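# Residue-level structure breakdown
What follows is each chain in one-letter form.
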Amino acid sequence: MNRIVILFFVLSSLTGQTLHIQSDYPCQLIVNGNQHTELQQNVKISIQLPQGEHQIEAISPDKNVKWQSTVHIDAAADRTIDVPLKRLVLKEEIQKKGYWEDTATRMKWAAADNGAAVSWIQANAYCKKLKIGTLSSWELPEIDELRGIFGGTGDERGFRIIIPLRLTGWAWSTTEGKEPGEYWALDFGDGARASVVSGDSGLNRSLCIHR
């Protein structure tokens with residue numbers, strides 16, 4: 001009886017389980033450093049892997065964007081992985097261009113905030129001086145415009161934004177707050193807004209738009 005149990009354990013360790021994987025963007029699949037196959041967009045494939053840890057990578061066709069993850073395979077159950085490569089590719093494109101354009105409103109958002117704590121006056125001045133490519137005349141958004149791009153899963157900093165802009169903190173708006181001398185700022189972590197004294201910098205940043 002013990003020999004049967006041991007044999008089953010050995011065979012199970014060798015065969016491992018099935019890894020189901022799909023990507024939301026075409027890519028080259030690399031498994032443990034070895035080229036495996038090409039993944040078509042939203043087409044799931046299944047591969048057999050032995051038990052243990054495995055390095056899974058997905059590389060965009062132009063090789064400029066790479067996603068990677070360590071996957072643990074055991075005998076308990078199959079694993080399923082969804083590769084979120086499309087957002088990473090879009091982020092790369094936005095950073096290269098310097099801004100993202102909303103095709104519905106024709107409004108453009110700077111690819112990143114200013115990257116440091118600023119007062120409202122400093123944030124407003126930053127946008128007015130900003131120039132991206134041939135575009136000038138940038139400005140701070142209204143609070144409802146900021147709320148319009150909040151959502152989705154959190155990025156590496158925990159900020160939830162429907163387009164992959166580079167954020168480092170809260171975002172000032174031009175919308176006047178509860179009291180005189182205050183303006184609304186948005187926390188992209190949970191979508192909450194706060195009425196902040198214009199002279200306070202704290203976590204607040206300048207994220208500019210171009211109308």
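Let me sum up the structure you'll find in this document. Just so you know, these numbers come straight off a predicted model, no measurement behind them. (Residues numbered from 1 in each chain as written. Predicted model: local features only at pLDDT ≥ 70, side-chain atom pairs only at ≥ 80, totals over all residues. Heavy atoms only, no water.)

## With respect to the sheet that holds strand β3 (residues 34-39)
Where we set the bar: Only strands that DSSP links by at least two bridges are regarded as paired with each other. Each helix is a run of H or I in the DSSP string that is no shorter than four residues. Each strand is a run of E no shorter than two, and both are numbered from the N terminus. To obtain an axis, a line is fitted to C-alpha atoms, over the contacting stretch when the element is a helix, and the angle between two such axes runs from 0 to 180 degrees between their N-to-C directions.
Taken in spatial order, the four strands make up an open sheet running β3-β2-β5-β6, and their pairing is antiparallel. A strand with exactly one partner marks an edge of an open sheet, and here the two such strands are β3 and β6 (66-73). Averaged over all pairs of adjacent strands, the angle between strand axes in this sheet comes to 25 degrees, irrespective of strand direction. The pairing of strand β5 (residues 52-59) with β6 spans eight bridges and is antiparallel. Along β6, the bridge assignment pairs Ile56 with Ser69.

## Topic: the state of the cysteines
Filter applied, for reference: For this text, the term disulfide refers to a pair of cysteine sulfurs within 2.5 Å. Exposure classes here rest on a 1.4 Å probe applied to the protein chains alone. A residue is buried below 20% of its type maximum, exposed above 50%, and partly exposed in between.
According to the stated counting rule, one finds one disulfide in the structure shown. Across the disulfide from Cys127 sits Cys208; the S-S distance is 2.1 Å. Across the disulfide from Cys127 to Cys208, rotation about the S-S bond amounts to roughly -90 degrees, and the bridge is consequently left-handed. Of the two residues, Cys127 sits in helix α3 (residues 120-129) while Cys208 sits in the loop between β15 (204-205) and β16 (209-210), which places them 81 residues apart along the sequence. Comparing Cys127 with Cys208, the two get one shared label, buried.

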